[in-house]
Amino acid sequence: MSDLKNKMKKFETMINTADDALAEELIAADASFYTPASPEPLYGGKGYLSVVHWMRQGFSDVQWIIKDCVEEGNKVAVLWNLAGTHDGDFMGQKATGNKLNTTVMNIYYFNDAGKIVNDVAAEGIFGVFKALGLAK
């Protein structure tokens, strides 16, 4: 397994455990990330983990599992299985108890030091959220 794919396995552990030390190890301090709930970028490992915490507000048991991972140059595309229970408020929607089990695709970009500098996620769905008034 390549170095970047190994880093993605660590990243999987990081997001499922909200491990601050792994976030600092894996994500560049100047990397910026966005959520549908935040019009301003979030930076570095702590910023990325704030996205994880945001998801856990509505899905306390959320888990991301790598289903497939493809590397090319400084990029890694990951097909994730995303599962959890809607047991808290999420984007204005009260808890339903519904189970979430879906796949999502992300592309991660790495700098020369081997740290994540960008994460391009299922951005199209954010357009749907905005059109429905569920995102800023």
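The structure under discussion appears in the preceding block.
Right, let's walk through the structure included here. (Residues numbered from 1 in each chain as written. Predicted model: local features only at pLDDT ≥ 70, side-chain atom pairs only at ≥ 80, totals over all residues. Heavy atoms only, no water.)

Structural notes on the sheet that holds strand β6 (residues 116-120)
Using the following cut-off: At least two bridges found by DSSP between two strands is the condition for calling them paired. By definition, any uninterrupted DSSP run of H or I lasting at least four residues is a helix, any uninterrupted run of E lasting at least two residues is a strand, and each is numbered from the N terminus. Angular values range over 0 to 180 degrees, each being the angle between N-to-C directions of two axes fitted as lines to C-alpha atoms, with helices fitted over their stretch in contact. In this analysis, two residues are considered to be in contact whenever any of their non-hydrogen atoms come within 4.5 Å of each other.
An order of β3-β4-β5-β6 is seen for the four strands of this open sheet, with the pairing classed as antiparallel. This sheet does not close on itself; its edge strands, each paired only once, are β3 (63-72) and β6. For this sheet the average axis-to-axis angle between neighbouring strands, irrespective of direction, equals 25°. Examined bridge by bridge, strand β5 (residues 99-110) and β6 share four bridges and lie antiparallel to one another. Across the sheet, Y108 pairs through a bridge with D119, a residue of β6. On the sheet, helix α1 (residues 3-17) packs against β3, β4 (75-85), β5 and β6 and is oriented at approximately 160° with respect to β3. The strands that helix α3 (residues 44-58) touches are β3, β4, β5 and β6; relative to β3, the one it contacts most, it runs at about 140°.

Considerations on the packing of α1 against α3
Using the following cut-off: An angle below 35 degrees is treated as roughly parallel, one above 145 as roughly antiparallel, one from 65 to 115 as roughly perpendicular, and anything else as oblique. Gly counts as polar in this scheme, as do all residues outside two lists: the nonpolar Ala, Val, Leu, Ile, Met, Phe, Trp, Tyr, Cys and Pro, and the charged Asp, Glu, Lys and Arg.
Across the interface, α1 lies against α3 with an axial gap of 9 Å and an inter-helix angle of 50°. When the axis of α1 is compared with that of α3, the two are oblique. Residue-level contacts link F11, M14, I15, N16 and T17 of α1 to Y48, L49, V52 and R56 of α3. For the contact of α1 with α3, the class distribution of residues is six nonpolar, two polar and one charged.

Some thoughts on the environment of E25
Counted only if it meets this: Working definition: with a 1.4 Å probe on protein chains only, accessible area under 20% of the residue-type maximum means buried, over 50% means exposed, and in between means partly exposed.
For E25, the position within the fold is in helix α2 (residues 20-26). The partly exposed category is assigned to E25, whose relative accessible area is 38%. The spatial distance from the C-alpha of E25 to the C-alpha of I116 is 9.5 Å, given a sequence separation of 91 residues.

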